[in-house]
2 protein chains.
Amino acid sequence: MQLAKLHDTSTYLIAPDPGRAGLTRAISGTDHTGAPVTACVVEERPLTIFLNSQEIVTAMTIGDYPDYLALGFLRNQGMLRLEDEITGVDYDEELETVVVRTARKTDYEEKMRKKTRTSGCAVGTVFGDMMAGLDGVTLPQTQVRTSWLYALSAQINRTPSLYLEAGAIHGTVLCHEDKPLVYMEDVGRHNAVDKIAGWMLAEGVNAADKVLYTTGRLTSEMVIKTAMMGIPVLVSRSGFTAWGVEIAQQVGLTLIGRMKGQRFVCLSGEPRLIRDADPAAIPQEPRRAGRKAAE
Amino acid sequence: MQLAKLHDTSTYLIAPDPGRAGLTRAISGTDHTGAPVTACVVEERPLTIFLNSQEIVTAMTIGDYPDYLALGFLRNQGMLRLEDEITGVDYDEELETVVVRTARKTDYEEKMRKKTRTSGCAVGTVFGDMMAGLDGVTLPQTQVRTSWLYALSAQINRTPSLYLEAGAIHGTVLCHEDKPLVYMEDVGRHNAVDKIAGWMLAEGVNAADKVLYTTGRLTSEMVIKTAMMGIPVLVSRSGFTAWGVEIAQQVGLTLIGRMKGQRFVCLSGEPRLIRDADPAAIPQEPRRAGRKAAE
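Residues numbered from 1 in each chain as written. Chains lettered and ligands numbered in written order. Predicted model: local features only at pLDDT ≥ 70, side-chain atom pairs only at ≥ 80, totals over all residues. Heavy atoms only, no water.

## A short note on the sheet that holds strand 2 (residues 36-42) of chain B
So, point 1. One open sheet accounts for 8 strands, arranged 10(A)-9(A)-11(A)-12(A)-13(A)-14(A)-1(B)-2(B); its pairing is mixed. In the strand order of this sheet, the two ends are held by strand 10 (179-186) of chain A together with strand 2 of chain B, each with one partner. Put simply, the sheet's adjacent strands are angled 30 degrees from each other on average, direction ignored.
So, point 2. Bridge count between strand 11 (residues 210-214) of chain A and strand 12 (residues 233-236) of chain A: 4 bridges; the pairing is parallel. (Pairing = 2+ DSSP bridges. Helix = DSSP H or I, 4+ residues; strand = E, 2+ residues; numbered from the N terminus. Axes fitted to C-alpha atoms, helices over the stretch in contact; angles between N-to-C directions.)

Take a look at the structure:
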């Protein structure tokens, strides 16, 4: 049994566009019987991000929203400050580069000597002291209804996506109350989160009343990025690491993992939860329900 | 239904040790009913790798086999050469550092300026030209029986592991014919592969007749590492990216994805396969069979 796909995605400001040219490719091989098969496979291409004159990193990405990816990556690194005046974001498809320009003169040569390789992504997340960027971050005590979380989970799992199309990809969704707003996908879950951070920065979106949903594991990296974005609640259908939980508790972020069907575990920030839904009334997920998330 | 766990792991030279102190921690939270729950969660801790006097990277790892992780990481980066004389590998648990010393004087300052963030891990995989390390790599035409692949898959999925214990983790297994030999796990699949590379380097193991099995996606990063290790066959129960397949075809690596129950897809290197097993005779995986892999 497979859940019916969601047909009305009009609540989304940005929904996945699985049909979009350049995101997937047909790859032929042979199946277990030796018969020729063609699989629809996600692309993975380099995108080199510059901050002013300095090359910062080359990200492996499916290639959509390069401008948001660059902005969000730099913001989550603490290389772009909230007060920074962004004077330009120039994407060159041929050169596979994005240059973000700021009024402020920037130089992160020193910072970039220290690299941390996280479970999800190395230089992707953090240079130097992982917690440094979190100094002074305080997350608002926004209340969150469990009925919203169940509604979000059900909608997101049925939303047509590259994952449902081709698999081997992660999704992250910015949500408000029971509405998914922006659904980004990428080969690395860190890219999907950074694209959302970039969109929020570009649109000047308030983070205080938002919930972030991800298909990926709740590692230290994901928790740090979410806190950097000022989002008080992070939800995943996957598991979590001890350090991810520890950091969430330190910054007072509400962390919810293993959310599938009626089940979930709240590991941090319990006081934000309003348990207004009766779990018994929530259907279990059928075997092939929605996404299984990328491995 | 759940597959019975494998009790005899004696074919393994190194099998997972889920009970090992320090790899997991009990974390308490509340479940969907609001009842208190305790979850067994994998650790994630920093390990800073030095090559001689130079700090190369900080990896986020579960913390086992730091010496193999350091050796394998440096080897897969091309920073350790096969002919290098390794004069020492010093792990300091308190400082969370490993220093690898070589007779040859090393300096990768320049190389480290260029960073690539892959889907799995940024600096983890490749600096500069991703393909550079693969110049001159030729993989042997070792034949592989599909009966071996089915046998490996069945054994590995039933091997007691941190994944079965705590989830949110990846496994990679070095295999010979139908026998799994070395089974490493880590929060990032790149770490698990690097630990195997480090073990092979330390033990002087021949790669030509081996098969590498991973629970993770077949991204460009995984294919490059496998080729760097000289292993001709890479198998995964997960999906793949277009570039991962492309690189496998370029280096002539046999790439097999989505291997579950009787099913698999061969995307590259078909000529190595000897299809001696009747897929119809292979049982389908029951719903909760073995690992679902980390997300």
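## So, the packing of helix 1 (residues 66-76) of chain A against helix 5 (residues 189-203) of chain A
Between two packed helices, the angle of one axis relative to the other and the distance separating the axes together describe the packing.
Residue and element names in this part refer to chain A.
So, point 1. Axis separation between helix 1 and helix 5 bottoms out at 6 Å; the angle between their running directions is 95 degrees. Here helix 1 is positioned roughly perpendicular relative to helix 5, judged by the angle of their axes. Within the contact between the two elements, helix 1 uses Tyr68, Leu69, Leu71, Gly72, Phe73, Arg75 and Asn76 and helix 5 uses Asn191, Val193, Asp194, Lys195, Ala197, Gly198, Trp199, Leu201, Ala202 and Glu203.
So, point 2. Each residue belonging to the contact of helix 1 with helix 5 can be placed in one class, and the counts come to 9 nonpolar, 4 polar and 4 charged. (Parallel < 35°, antiparallel > 145°, perpendicular 65-115°, else oblique. Contact = heavy atoms within 4.5 Å. Nonpolar A, V, L, I, M, F, W, Y, C, P; charged D, E, K, R; others polar.)

## Concerning the side chain of Thr172 of chain B
Residues and elements named next belong to chain B.
So, point 1. Examined against the element boundaries, Thr172 turns out to sit in strand 9 (residues 170-176).
So, point 2. We classify Thr172 as buried; its relative accessible area is 0%.
So, point 3. Those residues in contact with Thr172 that sit more than four places away from it in its chain are Val182, Tyr183, Met184, Arg189, Ala192, Val193, Ile196, Leu212, Tyr213 and Thr214. (Buried < 20%, exposed > 50% of the residue type's maximum accessible area, 1.4 Å probe, protein only.)

## Some thoughts on helix 1 (residues 66-76) of chain B
Residue and element names in this part refer to chain B.
So, point 1. Counting buried residues in helix 1 gives 10 out of 11 residues, a clear majority hidden from the surface.
So, point 2. For helix 1, the set of buried residues is Pro66, Tyr68, Leu69, Ala70, Leu71, Gly72, Phe73, Leu74, Arg75 and Asn76.
So, point 3. Where helix 1 terminates, the next one or two residues include Gly78, which has phi positive at roughly 80 degrees.

## A word on the environment of Thr58 of chain B
Residues and elements named next belong to chain B.
So, point 1. With respect to the helices and strands, the residue Thr58 is situated in strand 4 (residues 54-61).
So, point 2. Here Thr58 falls in the buried class, since its relative accessible area comes to 10%.
So, point 3. It is 4.0 Å that separates the C-alpha atoms of Thr58 and Thr48, two residues lying 10 residues apart in sequence.

## Side note on the packing of aromatic side chains
How two aromatic rings sit relative to each other is given by the distance of their centres and the angle of their planes.
Residue and element names in this part refer to chain A.
So, point 1. Under the definition given, this model contains 6 aromatic pairs over all chains.
So, point 2. Taking 6.1 Å as the distance between ring centres and 45 degrees as the angle between the ring planes, the aromatic pair formed by Tyr12 and Tyr183 counts as tilted. Of this pair, Tyr12 sits in the segment before strand 1 (24-31) while Tyr183 sits in strand 10; the two residues are 171 residues apart in sequence, bridging distant segments of the chain.
So, point 3. Their ring planes at 20 degrees and their centres at 5.8 Å tell us that Tyr65 and Tyr68 sit as a pair that is stacked.
So, point 4. On the basis of relative accessible area, Tyr65 is assigned to the partly exposed category, the value being 21%. (Phe/Tyr/Trp six-rings, centres within 6.5 Å; stacked < 30°, edge-to-face > 60°.)

## With respect to the pairing of strand 9 of chain B
Looking down a regular strand, the side chains alternate between one sheet face and the other.
All names here are of chain B.
So, point 1. With respect to burial, strand 9 is a largely interior element, 6 of its 7 residues being buried.
So, point 2. From the end of strand 9 to the start of strand 10 (residues 179-186), which pair antiparallel, there are 2 residues, and Glu177 there has a positive phi angle of about 50 degrees.
So, point 3. Sheet topology places strand 9 next to strand 11 (residues 210-214); 5 bridges connect them, and they run antiparallel. Looking at the pairing, Val173 lines up with Tyr213 of strand 11.

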